[in-house]
Protein chains: 2
Amino acid sequence: MPAQSAAYVELCGLLREAAHLASAAALLGWDQETYMPASGGAGRAEQSSLLAAIVHERRTSPRVGELIAACEADDALMKPGSETAADVREMRHDYDKVTKIPSELVAEIAKVSSQSQEVWKKAREKDDFAMFAPWLERMFALSRRKAECYGVKGELYDALLDEYEPGATSAMIEATFTPLRARLSELLGRVADDGKAPSEKPLKVKVDASRQHAFGQFILEKCGFDLAAGRLDVTTHPFCSGIGPGDTRLTTRYRDERFTDALYGTMHEMGHGLYEQGLPKAERFGQPLAGDISLGIHESQSRMWENFVGRSKAFWKWAMPHARKHLGKELGKFDAKEMFMAVNTAKPSLIRVEADEATYNLHVMVRFEIERALLNGTMKVKDVPAEWNRRYKEYLGVKVPDDRRGCLQDVHWSFGLVGYFPTYTLGNLYAAQFWEKINADIPDLQKQIAKGKFDQLKKWLNTKIHRHGRRYRAAELCRMVTGADLSADPLMRHLESRAQAVYGL
Amino acid sequence: MPAQSAAYVELCGLLREAAHLASAAALLGWDQETYMPASGGAGRAEQSSLLAAIVHERRTSPRVGELIAACEADDALMKPGSETAADVREMRHDYDKVTKIPSELVAEIAKVSSQSQEVWKKAREKDDFAMFAPWLERMFALSRRKAECYGVKGELYDALLDEYEPGATSAMIEATFTPLRARLSELLGRVADDGKAPSEKPLKVKVDASRQHAFGQFILEKCGFDLAAGRLDVTTHPFCSGIGPGDTRLTTRYRDERFTDALYGTMHEMGHGLYEQGLPKAERFGQPLAGDISLGIHESQSRMWENFVGRSKAFWKWAMPHARKHLGKELGKFDAKEMFMAVNTAKPSLIRVEADEATYNLHVMVRFEIERALLNGTMKVKDVPAEWNRRYKEYLGVKVPDDRRGCLQDVHWSFGLVGYFPTYTLGNLYAAQFWEKINADIPDLQKQIAKGKFDQLKKWLNTKIHRHGRRYRAAELCRMVTGADLSADPLMRHLESRAQAVYGL
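Since this is a predicted model, take the numbers as computed values, not measurements. (Residues numbered from 1 in each chain as written. Chains lettered and ligands numbered in written order. Predicted model: local features only at pLDDT ≥ 70, side-chain atom pairs only at ≥ 80, totals over all residues. Heavy atoms only, no water.)

1. Here we look at the relation of the copies chain B and chain A
Between the two copies, chain B and chain A, the superposition gives an RMSD of 0.0 Å; the rotation angle is 180 degrees and the shift along the axis is 0.0 Å. One copy is carried onto the other by what is essentially a two-fold rotation axis. It is Ala24 of chain B whose C-alpha, among those of chain B, lies nearest the rotation axis, at 3.7 Å. (Least-squares fit on C-alpha atoms with pLDDT ≥ 70 in both.)

Dropping the structure here:
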């Protein structure tokens, strides 16, 4: 029996209510991207901002602060290693985060970031970095002020990173990224020099959206995503929204060409969705014990399904006949091996969101290094294009022709998401490290996948990762589950092995 | 320039916020009926009830009461006949309504009605009135307590009626219904004795749902429903939800057979939707001046489009070629006249929601008489089945074979909607009276409809009815727009003329 107290029960109740109101806000957001009529936009903005204010008010209420303090003073609840102790620890973390920023600063960030995004859109369109530069300056100044409010020891950047990856530090990320960068560059060099590029013909088969959608739904169902507790819709930018208990919504987008883009988009969001569905929300909604650990761990789940499952030989062995049935006989010209090869081409490119599994991390590193330096003041905003282009040349070997396809490509900085980028690569690293352990624990997993059996894999993820909610921090979970600290080795072994199979290295 | 004051501005701001939060609640409700995954139900219930409580708290806040009182004391605002005076009058009406019921009673009604609905479902399934009787008793007892809280002079029933049809009284409804009933019975008698029933063959053409949906969208667009500010989806029970400014959502349902059911369902909800779209929400959202007048006036708009437009000869003259194009060549066997005849068959039946335009009002009268007598205590719950069946025999000439198809058919009483039924017939009456005036004001309207031109009709409705919001009460609007009090004559003239055209009387 976990410990209880009147304060803890009241606290969980208050957080549960706030979470349900946040669910309502999430639904407004989902609807805005899916079904809301265009003319509803102005009203929706008012509705969303009112709800956000109510949620914020509830999460920052003095009563919540008092109750957390009461729980912290209760030895029975705070028994080291207990669920309740972890729950209260994370409640404190969240409460401090959300109360340490003065509401004037929150309002200023909201206002400036909204203007900044508009300028960024225009600047990107016009390929005019100078137009965006003063706004980038302002957003980083605001980020710096925010980081200072958090009052973290050590590097300022860590305070921002902590919003997305609690407990992570820039030093730890640098220590993992640096060897990874060298080894990735080396691998890509070998691919470029000696690799035999596979044919991309299987990707060029045209498939209409409704067939792609049916195939996506089929994959979701087979992989164990519960469609009675979730759905799949179409939006401009794919996302997963864990709206609330029993309600997890994925989106994707279809083009007639390159049906694999939508397929992997769906599988990526499905990974996020399986995590959301695996969290113990029915019992503990609103408590950290029912929440996700970090963006990095969330991304590990999406990248695992997208890349480690979805781009594997075993997957296509099983999926190819189904793909032919759903997507049309044009696909009949290709076999599972050709499909596997085609979806694993690795080519340095300019745009992060279009990058393959291997080069993706180099895109992330460029952003991590630049945003960290900007925040620390060791780089000036005016130097961003040159610093960006120099790194793309050095790390990826590509020449950036303009800022539109260079440092203006991502939306993140324009609304102050500093410290977010590294979590993409952390996700890949965690995914690889978990994947090695999963394959050790389930020795015939590849055979199971080749038969379309995903239940043991899903159960492993549910048991080892999802059901803990936010009981453990990412680094701790990683050690607990894999027996080792996060390392670049598993991801490199995975990429080496793929390169060997696909490029014959 | 309308009058202003600091109190009025603050009041409008508070009501606007409450309305936007009610919008969010409306979206939760819409989503629950359309796209929410089944497992989201339990969470959704919590989300909806939290939001409802917040909206209620805001609308009943003492500050709102103080501000209304301040406005009422301000002669500049309260200038007789002014917009602001009407706005404040209705704010007072709403505030009193919502604050006069103690929250314990609100909670008890919510709890008992939820249980009562469950029992009603089972009782209807099992055709077991005795099972439902004690709950009906309780719901009427609660309705009586609620009516007493309102403290209305005169008949208790009027207090409940006022929730749906502000300003209406049971005496006024009785005075209109009684002659209408006699004349309807007489007309139906003539139809049954001397009428030549038209062929219903055109209704039996099978059309799949996607074609019906495309045709529905086509009709919406042509009639002037703004699809950039609204949408059409599928639900078990069709409805219209005026979610918020620029966002009005309709639903319908499709069966392969009797495509006209979905078509008229869509046109009915479209009528509600055009009213919602015509209200001045952009400027005055949350104020009574941007609200609808009553359920009766709302229903007049839906019934007008459904019956007076949609079942007219002129409509089918225009729509038939489009119907053939959208719905398939099977329809090519029939011409516009046959279609017009088929959709205007009048046949006494057991089920209200399936009733035709003429007999529908008799179904409503049965319910009005019974609920009024139950509330006044002049009828006992145990006598409801016998009283119901006797009236069906007398008014409609049909024998009710069981309570499932008799007094257990409607959900309304099980959750305490007493005083709601009469607004359906008020809607038909207002529609007919408006329609005569519209045709007098636009002499070639029938020719316009026969060409698919609905813009003058829509403009008339926008100008004469929609744009006023709730500035006038229904009876006042009726006099203002048509120059006469509400009467049974226009509806009877309309039904007589249809019977003549269709049944050759």
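2. Details of the sheet that holds strand β2 (residues 240-244) of chain B
Residue and element names in this part refer to chain B. Read across the sheet, three strands follow the order β1-β3-β2 without closing on themselves; strand pairing throughout is mixed. Two strands in the sheet have a free side with no partner beyond their single neighbour: β1 (230-234) and β2. Geometrically, the sheet is characterised by an average inter-axis angle of 20 degrees between neighbouring strands, direction not taken into account. Where β1 lies against strand β3 (residues 247-252), five bridges are found, and the strand directions are parallel. For Arg231, the partnering residue across the bridge sits in β3 and is Arg249. (Pairing = 2+ DSSP bridges. Helix = DSSP H or I, 4+ residues; strand = E, 2+ residues; numbered from the N terminus. Axes fitted to C-alpha atoms, helices over the stretch in contact; angles between N-to-C directions.)

3. Concerning the nonpolar core
Counting 131 residues, the largest nonpolar core has Phe315 and Trp316 of chain A as the members making the most contacts within it. If we ignore the near neighbours within four places in the chain, the residues touching Trp316 of chain A are Leu263, Tyr264, Gly310, Ala323, Ala336, Met339, Phe340 and Val343 of chain A. Within the second largest apolar cluster, 130 residues are counted, among which are Ala123, Ile438, Leu477 and Leu495 of chain B. (Core = buried A, V, L, I, M, F, W, Y, C linked by side-chain atoms within 4.5 Å. Buried < 20%, exposed > 50% of the residue type's maximum accessible area, 1.4 Å probe, protein only. Contact = heavy atoms within 4.5 Å.)

4. Some details on the pattern of salt bridges
Residue and element names in this part refer to chain A. Summed over all chains, the structure comprises 96 salt bridges over all chains. Here Glu90 makes a salt bridge to Arg470, at a shortest N to O gap of 2.7 Å. Taken together, the residues Glu90 in helix α4 (residues 83-100) and Arg470 in the loop between α19 (455-464) and α20 (474-482) connect sequence positions 380 residues apart. The buried category is assigned to Arg470, whose relative accessible area is 11%. For Glu306, the salt bridge goes to Arg311, with nearest N and O atoms at 3.4 Å. The residues Glu306 and Arg311 share a single accessibility class, namely buried. A network of salt bridges, in which partner residues are shared, links Arg181, Glu369, Glu387, Arg390, Arg391 and Glu394. (Salt bridge = Lys/Arg side-chain N within 4 Å of Asp/Glu carboxyl O.)

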